[in-house]
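Results of the structural survey
Residues per chain are reported as follows:
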Amino acid sequence: VRAGNLPFFDPTKRDHDKGFHDALANLYPQFRLVSRSSLEMSVHVRVKRALEDLEAAGFFKQDLVWVNSRLVPTRVERLLVRFVFATSFCAATTIPPPSHLELRSEPGLTYRYKGLRLFGLSWCCPPGESEEEWSQCRCNRALAELWGINQALVAATKSEAGAHGSSCDEAASTQRALFGYNVALINYLWPGAGSVLRGEPYYGLGDMAVSWHADDGLLEGSAIAVYNAMPAPHNIGDAAEEKHDDVPWRVGLKVAWDVETPAVAVPMADGEAYVMLPGFNERHQHCVLAGAGPRFSSTHRVVDATHASVDAALAQSWAVLAAEA
């Protein structure tokens, strides 16, 4: 389909802004925006500083995905973080980060995404370091802040889904399966730093940081939440700074394999989040349209961690080899 031939709404583009809010509300009701003001300002400051610390420490790396039977490098740099709920799910909605001891998880936890297995950053105290040293480590403090925003997004998702007042008995297991985010896949991209981006092919929406897709590797029917943090660009001139303000990041939404229902491009601001409620991911696709400045996006998902460890993968491999011997 030739770019620009399909209908869409985008409040940042003339001739495509009228009707945007109605289209978003009526055509994509399971997509919910979470305003910056819904969280305390100190939360935004701490989370942004945590992401910047992890990026400065070199934890963000370019990755590979498996697309059309070939390996394709990602345009973004990314980091995978695995969470383990140490308290009851219904009680785990407070924003202040817990101590490092509550954040323990097994080393070697992984997440299978887009045909390949990603390895998560471990919460455990590294060999050779004392528990006290690890608790004071900048990396560990940064991870604790990510736990805090994870809990805030759990609460926001439950609220948006109308499940905020659910009891903690039979409904708790269902809520954990739908909203109990245990993975954060965090992307980082600064288009102004020389990234080569591909133009959006169907609607002519602009350059894409992430192509059209639906998330995979999730528990069926679970929700997805994304938090946006946009640090100030470094070492750029006044003209680039002005461009950074004028060109917003946007998330594109469309009905999967549907060329008649208009797509929408939703602008994202620093500190805003959005939630894709249960059922949205199964019937829709989304993309990320690049703005001019740098952006962290922390995408929180529910994955089945039953076999998601190096030990489990090795055990399965040895079992296969033993069966063939």
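Remember, predicted model here, so these are calculated numbers, not experimental data.

1. Regarding the sheet that holds strand β9 (residues 207-213)
- Taken in spatial order, the 6 strands line up as β1-β12-β11-β14-β9-β8 in an open sheet, and their pairing is mixed. In this open sheet, the two edge strands, each paired with only one partner strand, are β1 (8-9) and β8 (198-199).
- In this structure, strand β11 (residues 249-255) lies alongside strand β14 (residues 284-289), joined through 6 bridges in antiparallel fashion. Within β14, the residue paired with Leu 253 across the bridge is His 286.

2. Details of unusual backbone geometry
- Residues other than glycine seldom take positive phi values, yet Trp 257 does so here, at roughly 55 degrees.
- In this structure, Trp 257 sits in the loop between β11 and β12 (263-268).
- Residue classification places Trp 257 among the exposed positions, given a relative accessible area of 78%.

3. Observations regarding the packing of helix α2 (residues 41-56) against helix α4 (residues 138-160)
- Closest axis-to-axis distance for the α2/α4 pair is 9 Å, and the angle between their directions is 135 degrees. Looking at the two axes, α2 sits oblique to α4. When the axes of α2 and α4 are compared, the crossing they make is left-handed. Between α2 and α4, the contacting residues are Val 43, Arg 46, Val 47, Ala 50, Leu 51, Asp 53 and Leu 54 on the first element and Arg 138, Cys 139, Ala 142, Glu 145, Leu 146 and Ile 149 on the second.

4. With respect to the layout of surface pockets
- Estimates place the volume of the largest pocket at around 1100 Å³.
- In terms of lining residues, the largest pocket is bounded by 45 residues, among which Arg 75, Val 210, Ser 211, Trp 212 and His 213 are the most central.
- Counting only elements with at least two residues in the lining of the largest pocket, the list comes to β3 (61-67), β4 (70-82), β7 (183-189), β9, β11, β13 (273-276), β14 and β15 (295-301).
- The element best represented in the lining of the largest pocket is β4, accounting for 7 residues.
- Split by residue class, the lining of the largest pocket holds 26 nonpolar, 9 polar and 10 charged.

5. Brief notes about the pattern of salt bridges
- Taken as a whole, this structure holds 6 salt bridges when the rule is applied.
- For Arg 46, the salt bridge identified is with Glu 145, shortest N-O distance 3.0 Å. With Arg 46 in helix α2 and Glu 145 in helix α4, this residue pair connects regions lying 99 residues apart in the sequence.
- The buried category is assigned to Glu 145, whose relative accessible area is 15%.
- It is possible to trace a salt-bridge network through shared partners that takes in Arg 36, Lys 48 and Asp 270.

6. Considerations on the pairing of β4
- Here β3 pairs with β4 via 6 bridges, running antiparallel. Following the sheet pairing, Val 65 is matched in β4 by Val 72.
- Counting the residues that bridge the hairpin from β3 to β4 gives 2 residues, and of these Asn 68 lies at a positive phi of roughly 50 degrees.

7. Quick word on the sheet that holds β13
- Strand order in this open sheet of 7 strands is β2-β13-β10-β15-β7-β4-β3, and the pairing throughout is antiparallel. The sheet is open, and its two edges are formed by β2 (31-34) and β3, each paired on a single side. Direction aside, neighbouring strands of the sheet carry axes that sit 30 degrees apart on average.
- Note: strand β10 (residues 224-229) against β15, 5 bridges, orientation antiparallel. By the bridge assignment for β15, Ala 225 is matched with His 300.

Each value, and the rule that gives it
- Residues numbered from 1 in each chain as written.
- Predicted model: local features only at pLDDT ≥ 70, side-chain atom pairs only at ≥ 80, totals over all residues.
- Heavy atoms only, no water.
- Pairing = 2+ DSSP bridges.
- Helix = DSSP H or I, 4+ residues; strand = E, 2+ residues; numbered from the N terminus.
- Buried < 20%, exposed > 50% of the residue type's maximum accessible area, 1.4 Å probe, protein only.
- Axes fitted to C-alpha atoms, helices over the stretch in contact; angles between N-to-C directions.
- Parallel < 35°, antiparallel > 145°, perpendicular 65-115°, else oblique.
- Left-handed = near helix turned anticlockwise from the far one by under 90°.
- Contact = heavy atoms within 4.5 Å.
- 1 Å grid on protein atoms, 1.4 Å probe; cavity = no way out; pocket = protein on both sides within 12 Å on 5 of 7 lines; lining within 4 Å.
- Points joined across faces, edges and corners; volume = space filled by probe spheres on them.
- Nonpolar A, V, L, I, M, F, W, Y, C, P; charged D, E, K, R; others polar.
- Salt bridge = Lys/Arg side-chain N within 4 Å of Asp/Glu carboxyl O.

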